[in-house]
Amino acid sequence: MAIDRTQLLTICDVGDFAKLVGEVENLVFDCKAMPYIFTDEKGRREIAKDVSAFANSVGGEILLGVKTQPSTTHFGDEAVSVNPFAQSLVNITQYNDVLSAWIYPEIPGLAVKWKLSSTDSAKGIVIINIPPHAVSSKPFLIAKTLDGTKIVESVFGYAARKSDTSPPLGVKELQQHLNAGLSYDSNLDGRLGAIEASVKALLGNSDSQAHAKALATHLSSAISSALMHGDLGRVFN
């Protein structure tokens with residue numbers, strides 16, 4: 001059975017990393033033999049891609065300091081050795097700064113931690129913990145702005161950890177989601193305008209004025225509640 005997040009976090013909490021050997025990477029578990037290198041944008045984009053892929057799926061852990069190779073008995077890569085390193089090789093603040101700059105929106109609860117080995121008092125590994133998030137918080141995008149002489153270009157990418165039951169969004173689905181978001185405000189504004197016109201028409205009829213006033217009060221309350229619930233008050237105030 002593949003290792004789950006609870007088992008993985010228990011091993012990491014006590015620093016008994018030798019128990020990771022033989023475990024196969026899966027939807028919530030990924031390993032890197034060495035820390036990320038941030039000397040150029042390639043390394044920054046790599047960590048942003050890896051972390052956002054977990055956030056767009058079901059969350060998980062990335063372990064730095066665990067070497068893998070293709071498994072001969074299971075599908076996927078298998079941890080074959082733990083290579084703890086000195087804490088001076090990683091700057092946790094830099095990791096957080098890179099992730100904050102390269103992923104939009106920022107991932108709530110994301111944590112980059114140094115964990116000391118239980119068998120080596122001078123070395124350890126880095127664990128990047130990505131919690132699961134509701135669909136309403138997604139997608140988390142890899143963002144980059146290129147400021148040219150005439151054009152400011154916003155370049156972004158979407159990554160998601162693959163599984164057999166929940167394939168990542170393709171470019172078609174992602175475009176549809178973005179389009180729906182762009183048109184939502186204008187569509188809602190038009191619907192609210194139509195409701196307002198109907199209420200005004202009712203108020204102009206003296207025979208149904210009392211009923212119309214009650215209806216208007218009800219509609220006003222319902223609209224205010226909907227705007228507050230959808231955090232859209234700022235759009236229409």
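Scroll up to find the structure this text is about.
Everything numeric in this text was worked out from a predicted model, so none of it was measured.

Peer 1: Looking at this model, I keep getting lost on the pairing of strand β7 (residues 111-116). Mind explaining?
Peer 2: For a regular strand, side chains alternate in direction, first toward one face of the sheet and then toward the other. Inspection of the sheet shows β7 paired to strand β8 (residues 123-130) by six bridges, in the antiparallel sense. Paired with L116 across the strands is G124, a residue of β8.

Peer 1: Looking at this model, I keep getting lost on the pairing of strand β3 (residues 66-70). Mind explaining?
Peer 2: Relative to strand β4 (residues 77-82), β3 runs antiparallel, the two sharing five bridges. Across the sheet, the residue bridging to Q69 is E78, located in β4. Linking β3 back to β4 in an antiparallel pair, the connection comprises six residues, with G76 at a positive phi of about 115°.

Peer 1: What's the story with the pattern of salt bridges in this structure? I'm lost.
Peer 2: Pairs may arise between side chains of opposite charge once their charged atoms sit close together. One pass over the full model with this rule turns up eight salt bridges. Note that D30 and R161 form a salt bridge whose closest N and O atoms lie 3.9 Å from each other. Residue D30 is found in strand β1 (residues 29-32), and its partner R161 is found in the loop between β10 (152-158) and α4 (171-203); the two are separated by 131 residues along the sequence. For the residue pair D30 and R161, the accessibility class agrees, reading buried in each case. Linked by salt bridges that have partners in common, D30, K32, E46, K49, D50 and R161 make up one network.

Parameters and conventions
Residues numbered from 1 in each chain as written. Predicted model: local features only at pLDDT ≥ 70, side-chain atom pairs only at ≥ 80, totals over all residues. Heavy atoms only, no water. Pairing = 2+ DSSP bridges. Helix = DSSP H or I, 4+ residues; strand = E, 2+ residues; numbered from the N terminus. Salt bridge = Lys/Arg side-chain N within 4 Å of Asp/Glu carboxyl O. Buried < 20%, exposed > 50% of the residue type's maximum accessible area, 1.4 Å probe, protein only.

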